[in-house]
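Structural characterization, general
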Amino acid sequence: MAKKSSRKSDYFGLGYVVSLILAIIPVTAWILGAITRFSEGKIVAGLIRLIFGFTIVWICDLVLMIVSKHIMRLLNV
């Protein structure tokens, strides 16, 4: 039996397809990305997502969600 990854999924543990659909929509990607980072305890990263979420961060999230199945984690602060 295959071993499941210990890393939790993005957007509150939802499946890949649901997370990808939510990442495609700019408003939900902006809000859920910030909430996800705040819930991880990464205050600075959450604030950066709130301020710059509609720009390059959204495009990077979309590309990384398709390629690596996880949103971008630029800062671990």
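Residues numbered from 1 in each chain as written. Predicted model: local features only at pLDDT ≥ 70, side-chain atom pairs only at ≥ 80, totals over all residues. Heavy atoms only, no water.

Some words on the confidence of the model for the chain
Within the chain, residue pLDDT values average 78, and 83% of them lie at 70 or more. When the elements of the chain are averaged for pLDDT, helix H1 (residues 10-13) gives the smallest value, 73, and helix H3 (residues 26-39) the largest, 86. Low pLDDT, under 50, characterises residues 1-6; the stretch is placed with zero contacts to residues that sit more than four places away or in other chains. (pLDDT = per-residue confidence, 0-100. Helix = DSSP H or I, 4+ residues; strand = E, 2+ residues; numbered from the N terminus. Contact = heavy atoms within 4.5 Å.)

Quick word on helix H2 (residues 16-24)
Here H2 has its buried residues at Ser19, Leu20, Leu22 and Ala23. Taken around the axis of H2, the buried residues stretch over an arc of 165°, which confines them to a single face. (Buried < 20%, exposed > 50% of the residue type's maximum accessible area, 1.4 Å probe, protein only. Arc of directions from axis to C-beta.)

Topic: the nonpolar core
Counting eight residues, the largest nonpolar core is built from Tyr11, Leu20, Leu22, Ala23, Ala29, Leu32, Met65 and Ile71. At the level of elements, H2 and H3 are the ones that each hand at least two residues to this core. By residue number, the principal contributor to this core is H2, which donates three residues. Setting aside its immediate chain neighbours within four residues, Leu32 contacts Tyr11, Phe12 and Leu22. (Core = buried A, V, L, I, M, F, W, Y, C linked by side-chain atoms within 4.5 Å.)

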